[in-house]
Each structure stands twice: as C-alpha cells, then as structure tokens.
Amino acid sequence: MKGRTWILGLAVLLLLWPQPAGAEKKIKEGTITLSFGPEPETMDPHTQSSAILVTVHRYVFDTLMHRPRGEKLPVPWAAKSYKTLDGGRTIEFHMREGVTFTNGEDVDAEAVQFSLMRTHDPKFKTVQRPTFRNIARVDVVSKWVARVHMNGPDGGFLNTLAAWGHLVPPKYYSKISQEDAAIKPIGSGPYKMVSWRKGVGMTLEANLNHWHPEYPKVKGVRIAPIPEMGTRVAALLKGEVDIIRDIPAQYVPQIRANPNVDVHIDRNVRIFQVGFDPMGGPTLDRRVRRAVCHAVDRKTIVKDVVQGMGEVFDQPTHQWTEGYDPNRKWPYEYDPQMSKKLLAEAGYPDGFSIGFISSVGRYPMDKEVAEAVAGMLGNVGIKVKHESLAWQTFVNRFQGQKKPGAKPYLYYYGYGNGNGDSNEALGAMATCEGKWSGYCNPAMDALFDVVIGVWDMGERERVFRLIVKAMAKDASQCIVWQANDVYGINKRVAYKIRNDDKIDIWEADLKTR
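Numbering of residues starts from 1 in every chain and runs along the sequence as written. Confidence filtering applies because this is a predicted model: local features only for residues at pLDDT of at least 70, side-chain atom pairs given and counted only at 80 or more, and all residues used for totals across whole chains, interfaces and linings. Note: side-chain values were computed over all heavy atoms of the structure, leaving out hydrogens and water.

Pairs of cysteine sulfur atoms within 2.5 Å are what we label disulfides. According to the stated counting rule, one finds 2 disulfides in the structure shown. Cysteine 293 shares a disulfide with cysteine 478; S-S distance 2.1 Å. As the torsion about the S-S bond is roughly -85 degrees, the cysteine 293-cysteine 478 disulfide counts as left-handed. Here cysteine 293 is found in helix α9 (residues 286-295), whereas its partner cysteine 478 is found in strand β17 (residues 477-490), with 185 residues between them in sequence. Cysteine 293 sits in the buried class, given a relative accessible area of 2%. In the chain, numbering the disulfide-bonded cysteines from first to last in sequence yields the connectivity 1-4, 2-3. The secondary structure listing takes helices from DSSP runs of H or I that are at least 4 residues long and strands from runs of E that are at least 2 residues long, numbered from the N terminus. Exposure is judged per residue with a 1.4 Å probe applied to protein chains only, and the accessible area is read against the type maximum: over 50% gives exposed, under 20% gives buried, and values in between give partly exposed.

The next point concerns the packing of helix α10 (residues 298-305) against helix α12 (residues 366-379). In this analysis an axis means a line fitted to C-alpha atoms, helices contributing only their contacting stretch, and an angle means the value between N-to-C directions, from 0 to 180 degrees. The N-to-C vectors of α10 and α12 enclose an angle of 140 degrees; their axes lie 11 Å apart at closest approach. Here α10 runs over α12; the crossing is right-handed. For the pair α10 and α12, the contacting residues are Thr300, Ile301 and Val305 in the first and Glu368, Val369, Ala372, Val373 and Met376 in the second. Under the grouping applied here, Gly and all other residues not named as nonpolar or charged are polar, the nonpolar ones being Ala, Val, Leu, Ile, Met, Phe, Trp, Tyr, Cys and Pro and the charged ones Asp, Glu, Lys and Arg. Residues that form the contact of α10 with α12 fall into these classes: 6 nonpolar, 1 polar and 1 charged. The handedness criterion is simple: a crossing whose near helix is rotated anticlockwise from the far helix by less than a right angle is left-handed, and one whose near helix is rotated clockwise is right-handed. What makes two residues a contact is simply this: any of their non-hydrogen atoms within 4.5 Å.

The next thing to look at is the pairing of strand β14 (residues 352-359). For β14, a buried count of 6 out of 8 residues is recorded, marking the element as mostly surrounded by other parts of the structure. At least two DSSP bridges between two strands are required for those strands to pair. In this structure, β14 lies alongside strand β15 (residues 382-389), joined through 8 bridges in parallel fashion. Along β15, the bridge assignment pairs isoleucine 354 with valine 384. Read from β14 through α12 to β15, the crossover connection turns out right-handed. Seen with the strands pointing away from the viewer, any crossover whose path from the first strand over the helix to the second strand runs clockwise is right-handed.

Trans peptide bonds make up the majority, and among non-glycine residues the majority have a negative phi. Cis geometry marks the peptide bond from tyrosine 215 to proline 216, where omega comes out at -5 degrees. As for its placement among the helices and strands, proline 216 is situated in the loop between β9 (201-206) and β10 (218-225). One non-glycine residue with positive phi stands out, namely alanine 475, at about 50 degrees. As for its position among the elements, alanine 475 is in the loop between α16 (457-473) and β17. Its relative accessible area of 0% is what places alanine 475 among the buried residues. Although it is not a glycine, aspartate 501 adopts a positive phi angle of roughly 80 degrees.

Once that is clear, we can look at the pairing of strand β5 (residues 90-95). Looking down a regular strand, the side chains alternate between one sheet face and the other. The buried count for β5 comes to 5 of 6 residues, which makes it a mostly enclosed element. Pairing analysis gives 5 bridges linking β5 to strand β7 (residues 145-150), with the strands arranged antiparallel. Bridge pairing in β7 links glutamate 92 to arginine 147.

Turning next to helix α3 (residues 109-117). Regarding α3, the residues found buried are Ala109, Ala111, Val112, Ser115 and Leu116. Mapping the buried residues of α3 onto a view down its axis gives an arc of 155 degrees, with all of them on the same face. In this structure, the buried residues of α3 make contact with β5, β6 (135-142), β7 and α5 (170-175). Arc definition: directions from the helix axis to the C-beta atoms.

The subject of this paragraph is the side chain of aspartate 297. Position of aspartate 297 relative to the elements: it lies in the loop between α9 and α10. For the buried aspartate 297, which has no salt bridge, the nearest side chain bearing the opposite charge is lysine 299, at an N-O separation of 7.4 Å. Within 3.5 Å is the distance limit for a polar contact, defined as a pair of N or O atoms, with the added protein rule that one can donate a hydrogen and the other accept it, and that residues adjacent in sequence qualify only through two side-chain atoms. Side chain to side chain, aspartate 297 and threonine 300 meet in a polar contact 2.6 Å long. Apart from residues lying up to four places away in sequence, aspartate 297 is in contact with Tyr334 and Met376. All tallies of charge rest on Lys and Arg as positive and Asp and Glu as negative; His and the ends of each chain are not included. One speaks of a salt bridge when a side-chain nitrogen belonging to Lys or Arg is within 4 Å of a carboxyl oxygen belonging to Asp or Glu.

Okay, here's the thing in structure tokens:
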C-alpha cells in the first residue's frame, strides 16, 4: 500500500512539476526556407531600419508589443500587460516572470531599460535615435516591472514598440562591440540564429523555451539571399525556397501553372515615391520639386510597367493608419508642360542634370520603374544619371547623404509603415533627421513636435492630415503608386499572409500529408 501511495505521489508530482516551454509544444521537424531577395543588413536590432530587418529581427528578438494580422492596435507580447499613467506620459510594463534570453539572462525590467535606452548613447551608431526621441528615461520599478517615462504623451508609441525596441540581454550587449552585435545576436524570440554566411544564407533554429505556448511551429528556418527576381522565382518553382514575395506580374502565370505552389495577392501598405536627398542645388526650390512630380506619368507606370499590380496613390499614408484621407487627391498630375513652366520659373529653362538612384531586386520592378521615371524626367529637360544598386549599396548611399557637403540626387524608394504608426512613418520620410528622409524643413519638424504630444485620437487624425497636406504642398516627395503584395508559397507550407511587409514565420506550419 505504501509503495502504491509513493508511486501515486510521484506521478502527481511529475504531472504538476513545471515543464520546459518546449516540452509542451508540438514543434515539427523540418525547415521552411524563405527569401526576401537581399539579405538582412545587420542582426543588431537597434542600428538600422528597413522592412527586411523589421521582419527578420522579430524571429530572434521579442518586442514588448505585437500588432496581430489585420489589426490597427497592438497587444502585449514580451510584456504580459501594460498600463498608462500620468495622462499618457508614462507606460508601465509588467513582464512575464521567468522568461529568459537564450543565454540565460532574464527578460526583465533591466532588459527593458537597457534595450529602450541603448539608442540614447551618443556614441552608439544608429539611425533609430529619432524613433525613441520622446523617451526621457526608463525606471526599474521591480524585477519584472519597468516604467517608460516620456517627454510627453505619444498615442502611437505602443505601435512603435510592436516593430522597434527589440529586447536584448543587457550583460551580453554591454560587453560586445557594435561590430560583434551585428553578427552574433542573442534574443528571446521564437528562433535563435545558428549560423550566417553572408551571401549564402542564415540558419535559424526553434527556441524551445520561447514563452508562447503555440509558437514556433516548425523547428528550422533558412533565409536565402537571392537578389535577382527571376532566380528567386526559379528557386520557388524547383522547391528550393518555400516563400517569396514582391513578385512582379509577369511571373504570376508561370507560378500559377506550377502544381506545387500557390499565389496569394493582397493590397500592400508600401507606397512608392521619388524623393530628393538631400534637398540642395535645384531641388532646394519648391518649384523644381513640383516640376519633378508633374513629370512623372503615374498611370503609365501602374498600367504598363508594373502591369496593374497596384494602383496610383495620392498620399504617403496607407488605408490602415492615421492621417489617411480617402478623398485626398494628389495635386501634381502628369503635366509635362506645367513641369517645363515651373522649371523655367525656377531659373532652369533648359533643365539641369542630377543623379538618380534606385534599388534592383528589392521591390517589384524597381529598376524598370526607375528607368521609366528617368525617361519621363528627360522629356522635360531633367537629365538624370540613373544607377540601379544592390539593396545594401542603396542603403549605404542613402544614409551617406546625411554627411555635410553631400551632392544632391533623386531616389526611388518604397516606404511601408507596417507598424501602423503615422508619427514614426511620416517622421521617417519628412523630418530633417528622418531615417528615410532627404527632405528638411524646420516648419514641418515643428508639426511633428506638436503631434507627438497629442493623445486624443481624433485630434491626432486631424494633425496627421494637416501634415500630409503640408507635405504635398511643399512637394517633400513625389508619391507614385501603392503596390499589391504578391506571394508565392509552396503548398507544403501553411501560412496566412499579412499586408504589411512582415512574414511572421513563427506562425508558419508544415502541412501533414
């Protein structure tokens, strides 16, 4: 009897004893391979800014918040809960007790403090500093409670924390250099990086101790850099890659004809533009910027170049975020004669010469669209020297323009605002210190200083619409078109696409046959 009682007690103890997170999950063997085209620029989550990084960094690092597919508002992620204090000037985060980074450090209040304040160090090289400019300090209230104190209320801050502010282990990152941080990431995300050979690929492995009870679903993930779209499509059709996106129209019939691949299409958040970086020389004159906008035949680009895989668009904010106005009309319709008239008024009756850069293989038909734009500008006398650059080269060239004395040029680029925060997105595009801005107007910066302190959603909407109107009036950039998001997915993979450039690979599953 005693023996049976002892065995029963042991059985109950084993049932009740806390199990490792991975022991409760059904993680399937196998690997899902995806390609974004270019490879990630860095695996330090606090230094650079691009849609690829916003996606890939979430595989290895957790963020405090998460915006579910199709939702405008974020929900707690690495944080268990949050509450706003002091009229929105302070946000208190309660962390999930017992969660650790893959090196064993706790994902606690100290980790929140270190991660959100890392960009404040003036010696730290980063383009993300403006994103966190409203944070005054972060206090550690207790082991698992952190308070973020802001200079003023910020209604979009929680959305920002769904895409940025990735949590990193303080002890590890305080000891390594930025160079090592770029290639040796440690996080608490659903996956951990096993290897990364530049130009060959990145291999990730499931974090068995990730806190989420359902994710990840598959043990392995591989990210393959395949910059050229035709090669990327061929890899999909041969089964070498499971997921690709940004597929141009001419490849869709070929992919649909393959019995092992599905095509998924949705309207994307990404809006393409021609911009000025930095404003200087001829482009310092607003009439010249307006002339550039009038020279671009947007309807022809959508109809003939991208073959209808998108639509002509009229504003820099997409339909799922603040500041979007369905009644707004772009004030610079295609009008070559008006373009020439404005150039003459600005003192350039015979036009002028200027550089022009675009990426190649990063966006649908990016090289071809830029070449079409170059031809249209040439028709009104603006002679451009167009360069199609690999993505990382494009990024380096663009960011190099922040240096004093940089020679002005034009660029073709798409901004997505996948996290739904208009303050972050419009600020990135149209402030003097914006991550993706060549435009600089102190009066515009002042508008952003106003909106960052507005908590009322109705008032935020009004101010953002005012900012969008001011951007158009000053021709801060020329809005061209909004893309469709076209995915090719191997039928062995179960994944529901998002429309905000992100691929939440931890949700992807392998179908059982």
